[in-house]
Amino acid sequence: MFGLFSFNQNTKQLLHISAPLMLSFLSMVGMLFVDRLFIANYSMHALNAMASAGMVAWSFTFGLQTLTLIASVFVSQLNGAQKYTELGQPVWQMVWFSCMTLFICWPIAWLGGLWFFNDGAIAAQQTLVFRCILVISPLFCLVGALQSFFNGQEKTRIVTYLSVLGNLVNAAIDPLLIFGIDGLIPALGIVGANIATALGLLVQIAIYGYLFLSKTHRQRYGTDQWRIDGVLLRKCLRVGSPEAISVAIEIFVWGLFYHLMTKLSMAHIIVTSVAQTITILFAFFGMGLEHGASVMAGNKIGANRVHEVKSVLLAGLQLSMMFTIVMSLFFVICPSLLVDCFFNHTEALEIHTVGTISFETIEYTKTLLKDSLLWIAAYLAFDNVRWLINGLLRAAGDTWFLLYAGLLSIISFMIVPAYILLVVLRWPLQTFFMVWVFFAIMAAMISLIRFQSGRWLKMQLSTSS
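Right, let's walk through the structure included here. Treat the numbers as computed from the prediction; the structure is a model and nothing was measured.

**Some thoughts on the overall build of the protein**
Then, in step 1: Helix and strand counts for the protein stand at 19 helices and 0 strands.
Then, in step 2: Here the protein, with 465 residues, has 59% of them falling under the buried criterion.
Then, in step 3: Sequence-distant contacts, at least 24 apart, represent 85% of the contacts inside the protein between residues at least 6 apart.

Pasting the structure below:
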């Protein structure tokens, strides 16, 4: 047991790289969590709309942002190969691509809401959530592109500081715009939450841009090479697209599943909405570990030290076990701290909520959520292993596998079992969390089998193609 907390050099290095990224992702998901927490105490139906329509919208947003983050893999391999003057080039390609996403996201924002959400009691709020998120999606992409320059060089503290700053801006403005101020600012609800998020992102973009274009970086890393390079842009898109599509489809399917829950019962809606929000908050560890492992492995691959990549896996597994223990203890000791904060102002819910939510429903869902926290911990434990291994595969450019495996896993091990058990057979609501864990175990096993096969070492991104 004590040996688990004894770090070797690889574990220390991975923690050094990943910890700032984890804090960065904690700040990012913290924005979503804070938005939803305020919205939950404004309107429970608005929270439900954010959980269902929001996930569909985030599938486009995170899919595109994942694509822009592929620049960090190129930067890490170029950095490992000591091709320092080329580091700015892949970043610029993804900056330009981020600007191009305006022509993808904004038409989808307008038309997609009408296609996806045209019936049900909260259809209007779902459409509004969908449009608000897609409108600011290009900002998330631009942040991802600029982050890649620092992530790929293992300069992750800068990313952490700016992410925290952006989150503080969001948290400070959120309550002012969501609830409003009598006589000064109208209560904007969902729109206000997204305006606050956009302002937090714009602050980060401004500072990232200033640092990226500093004189030192222009001279040493070629960050003034701003022109579009068709060959490099296509290479970035070719390598990054499979993982981006995989992420987008997985989140999209989750969104459709949450939308399906809105048609079963109010208890299903509230439990899935709050459980999803809690899960998103604690996903920061796996997201940071994936990108930290990817950067560390990418530098090793670029420096022709491929045999050391397995040590990154072992280090990541050690960190994952530690996080699971701490998270599980927190869930056992403080279940009310997480759950009750979503139901602090039930009197406010009645003002803004369309339709009634009975006291019995609220109390039942609170109890069920507290009892299900360890299921959420188990899901995250196995999903963190999947994130870790996928980060290593991503560093080697094995992104097509991530696409195929992601599709197979989400359909075969989550959607089909959940539909049969919950919708067709009407099993108890607790089954929802059991399916989560089953999906995470099977998906992690598929990724582990791929890694052990050794078939993933097939390209060096720092070389020309």
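What follows continues from the structure just given.
**Description of the pattern of salt bridges**
Then, in step 1: All chains considered together, the criterion is met by 5 salt bridges.
Then, in step 2: Here R305 ties to E308 by a salt bridge, and the two come within 3.1 Å at their closest N and O atoms.
Then, in step 3: According to the relative accessible area criterion, R305 is partly exposed, its value standing at 34%.
Then, in step 4: Because the salt bridges share partners, they merge into one network encompassing K300, R305 and E308.

**Observations regarding the packing of aromatic side chains**
Then, in step 1: For the structure on display, the rule yields 21 aromatic pairs.
Then, in step 2: Ring centres of W58 and F140 lie 5.1 Å apart, and the angle between their planes is 85°; on these two criteria the pair is classed as edge-to-face. Remark: F140 occurs in helix α6 (residues 123-151) and W58 occurs in helix α2 (residues 44-68); sequence separation between them is 82 residues. Taken as a pair, W58 and F140 share a single burial class, namely buried.
Then, in step 3: Taken together, W92, W96, F149, F150, Y208, F212 and Y221 form an aromatic cluster joined through their ring pairs.
Then, in step 4: The ring of Y84 is capped by R220, whose NZ or CZ atom sits 5.5 Å from the centre of that ring.

**With respect to the nonpolar core**
Then, in step 1: Of all hydrophobic cores here, the largest spans 140 residues; its most connected members are F282 and F342.
Then, in step 2: Broken down by element, this core gets its largest block of residues, 15 residues, from α6.
Then, in step 3: Here F282 is in contact with F323, M327, F330, F331, L338 and L380, once residues within four sequence places are set aside.

**Focus: the environment of G80**
Then, in step 1: Residue placement: G80 occurs in helix α3 (residues 71-80).
Then, in step 2: On a C-alpha basis, the gap between G80 and I301 in space is 7.6 Å, while along the polypeptide they are 221 residues apart.
Then, in step 3: Ignoring any residue separated from it by four or fewer positions in sequence, one finds G80 in contact with N299, G302 and A303.

**Details of the packing of helix α1 (residues 9-40) against helix α7 (residues 156-179)**
Then, in step 1: Where α1 meets α7, the closest approach of the two axes is 8 Å, and the angle between their N-to-C directions is 5°. Overall, the two elements α1 and α7 adopt an arrangement that is roughly parallel.
Then, in step 2: Taken together, the residues of the contact of α1 with α7 sort by class into 14 nonpolar, 10 polar and 3 charged.

**Side note on the side chain of N299**
Then, in step 1: Inspection of the secondary structure assignment puts N299 in helix α12 (residues 284-302).
Then, in step 2: A relative accessible area of 11% means that N299 is categorised as buried.
Then, in step 3: A polar side-chain atom of N299 sits 3.5 Å from the main-chain amide nitrogen of G80.
Then, in step 4: Beyond its immediate chain neighbours, meaning those up to four positions away, N299 contacts S76, N79, G80, G152 and E154.

**Some points on unusual backbone geometry**
Then, in step 1: Of note, Q82 is a non-glycine position whose phi angle comes to about 60°, a positive value.
Then, in step 2: By the element assignment, Q82 lies in the loop between α3 and α4 (88-100).
Then, in step 3: Look at R426: it is not a glycine, yet its phi comes out positive at around 60°.

**Digging into α7**
Along an α-helix, residues three or four positions apart point the same way, because every turn accommodates 3.6 residues.
Then, in step 1: The end-to-end C-alpha distance of α7 is 35 Å, a good match for the 34 Å that 24 residues give at a rise of 1.5 Å each.
Then, in step 2: A bend of about 35° at I173 is the largest found in α7, and the proline P175 appears one to four places after it.
Then, in step 3: Considering only its buried residues, α7 is in contact with α1, α6 and α8 (190-212).
Then, in step 4: Two residues or fewer past α7, G180 is found with a positive phi of approximately 75°.

**A few points about the packing of α1 against α8**
Then, in step 1: Across the interface, α1 lies against α8 with an axial gap of 10 Å and an inter-helix angle of 160°. Judged by the inter-axis angle, α1 sits roughly antiparallel to α8. Classified by chirality, the crossing of α8 by α1 is right-handed. In this structure, α1 uses M31, D35 and I39 to contact α8, whose residues at the interface are I190, A193, T197, G200 and Q204.

**Some points on the state of the cysteines**
Any covalent bond linking the sulfur atoms of two cysteines counts as a disulfide.
Then, in step 1: Per the stated rule, a full pass over the model turns up 0 disulfides.
Then, in step 2: Residue C141 stays outside any disulfide, its sulfur separated by 5.8 Å from that of C105, the closest cysteine.
Then, in step 3: In this structure C141 comes out as buried when scored by relative accessible area, which is 0%.

**Points about a nonpolar patch on the surface**
Then, in step 1: On the surface, I411, V416, Y419, I420, V424, L425 and W427 cluster together into a nonpolar patch covering about 650 Å² of accessible area.
Then, in step 2: Take I411: its relative accessible area is 43%, and that puts it in the partly exposed class.

**Some words on the environment of T197**
Then, in step 1: Note that T197 resides in helix α8.
Then, in step 2: The buried category is assigned to T197, whose relative accessible area is 3%.
Then, in step 3: Residues T197 and N167, 30 residues apart in the sequence, show an inter-C-alpha distance of 8.0 Å.
Then, in step 4: For T197, the contacting residues outside a window of four places in its chain are M31, D35, I136, F140 and N170.

**What to know about the environment of E243**
Then, in step 1: Position of E243 relative to the elements: it lies in helix α10 (residues 230-261).
Then, in step 2: Considered as a pair, E243 and T399 are 156 residues apart in the sequence and their alpha carbons are 5.3 Å apart.
Then, in step 3: Beyond its immediate stretch of four places on either side in the chain, E243 contacts T66, E290, R394, T399 and L402.
Then, in step 4: A polar contact is formed between the side chain of E243 and the side chain of R394, at a distance of 2.8 Å.

**Quick look at α4**
Then, in step 1: A rise of 1.5 Å per residue sets the reference length of α4, with its 13 residues, at 18 Å; its end C-alpha atoms lie 19 Å apart and thus fit the reference within 8%.
Then, in step 2: Buried within α4 we find G88, P90, V91, W92, Q93, M94, V95, F97 and S98.

Calculation rules
- Residues numbered from 1 in each chain as written.
- Predicted model: local features only at pLDDT ≥ 70, side-chain atom pairs only at ≥ 80, totals over all residues.
- Heavy atoms only, no water.
- Helix = DSSP H or I, 4+ residues; strand = E, 2+ residues; numbered from the N terminus.
- Buried < 20%, exposed > 50% of the residue type's maximum accessible area, 1.4 Å probe, protein only.
- Contact = heavy atoms within 4.5 Å.
- Salt bridge = Lys/Arg side-chain N within 4 Å of Asp/Glu carboxyl O.
- Phe/Tyr/Trp six-rings, centres within 6.5 Å; stacked < 30°, edge-to-face > 60°.
- Lys NZ or Arg CZ within 6 Å of the ring centre and 35° of its normal.
- Core = buried A, V, L, I, M, F, W, Y, C linked by side-chain atoms within 4.5 Å.
- Axes fitted to C-alpha atoms, helices over the stretch in contact; angles between N-to-C directions.
- Parallel < 35°, antiparallel > 145°, perpendicular 65-115°, else oblique.
- Nonpolar A, V, L, I, M, F, W, Y, C, P; charged D, E, K, R; others polar.
- Polar contact = N/O pair within 3.5 Å; in protein donor to acceptor, adjacent residues only side chain to side chain.
- Expected span 1.5 Å × (residues − 1).
- Bend = angle between axes of the 7 residues up to and from the residue.
- Left-handed = near helix turned anticlockwise from the far one by under 90°.
- Disulfide = S-S within 2.5 Å.
- Patch = residues over 30% accessible without salt bridge, like charges linked within 9 Å, V, L, I, M, F, W, Y side chains within 5 Å.
- Areas by Shrake-Rupley, 256 points an atom, 1.4 Å probe, with all protein chains shown as cover.

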